[in-house]
Amino acid sequence: MSLFPKANLFTPSPSEQAVLDGFIGPSLGKSRVSNKPRRNPRQPSGRMSGYVKLYDLSRNFGFVRVGRDEYFFHRSALGPGLEYMVTGEMVQFDLGTDRQGRPVAKNITLI
């Protein structure tokens, strides 16, 4: 049960609409509520650059940060000649998916 069952049913009269248009602008006064997610997941392509936010040497995994996004990686994703990473190192990597379909960093190399 909603506290305001008629909240989404309000339709202003022409005089009320004029007041709304003057107060909050014509585009917002006529806008409707959307149930779509506000932020679409990003779908980057190609090789990406970022830095190592965290690497746990004892557990052999870490996270690469690119802007606001973070990508998990396992030691097996490190390029040839790399045994471990240090927090703060700049890296390049390819974006892949794990078995559950989540984005992960693969083929990591130092810049």
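Owing to the predicted nature of the structure, the values given are computational and were not obtained by experimental measurement.

## Quick look at the packing of aromatic side chains
On inspection of all chains with the given rule, the structure shows five aromatic pairs. Linked through ring pairs, Phe 61, Phe 63 and Phe 72 together constitute an aromatic cluster.

## Section: the pattern of salt bridges
This structure, assessed with the given rule, holds five salt bridges. With its nearest N and O atoms 3.2 Å apart, the salt bridge here joins Asp 94 to Arg 47. Note that Asp 94 is positioned in strand 4 (residues 90-97) and Arg 47 in the loop between helix 2 (26-29) and strand 1 (48-56), a separation of 47 residues in sequence. Since its relative accessible area comes to 37%, Arg 47 is described here as partly exposed. Of the charged contacts in the structure, one is a salt bridge between Lys 53 and Glu 70, with a shortest N-O distance of 2.7 Å. Separated by 17 residues along the polypeptide, Lys 53 in strand 1 and Glu 70 in strand 3 (residues 69-74) bring together distant segments of the chain. The exposure class assigned to Lys 53 is partly exposed, which follows from its relative accessible area of 39%.

## Considerations on the environment of Tyr 55
Relative to the helices and strands, Tyr 55 is located in strand 1. Separated by 29 residues in sequence, Tyr 55 and Tyr 84 have C-alpha atoms that sit 8.1 Å apart. Those residues in contact with Tyr 55 that sit more than four places away from it in its chain are Asn 60, Phe 61, Gly 62, Phe 73, Arg 75, Glu 83, Tyr 84, Met 85 and Thr 87.

What counts, and where the lines are drawn
- Residues numbered from 1 in each chain as written.
- Predicted model: local features only at pLDDT ≥ 70, side-chain atom pairs only at ≥ 80, totals over all residues.
- Heavy atoms only, no water.
- Phe/Tyr/Trp six-rings, centres within 6.5 Å; stacked < 30°, edge-to-face > 60°.
- Salt bridge = Lys/Arg side-chain N within 4 Å of Asp/Glu carboxyl O.
- Helix = DSSP H or I, 4+ residues; strand = E, 2+ residues; numbered from the N terminus.
- Buried < 20%, exposed > 50% of the residue type's maximum accessible area, 1.4 Å probe, protein only.
- Contact = heavy atoms within 4.5 Å.

Keep in mind these numbers describe shape, not what the thing actually does.
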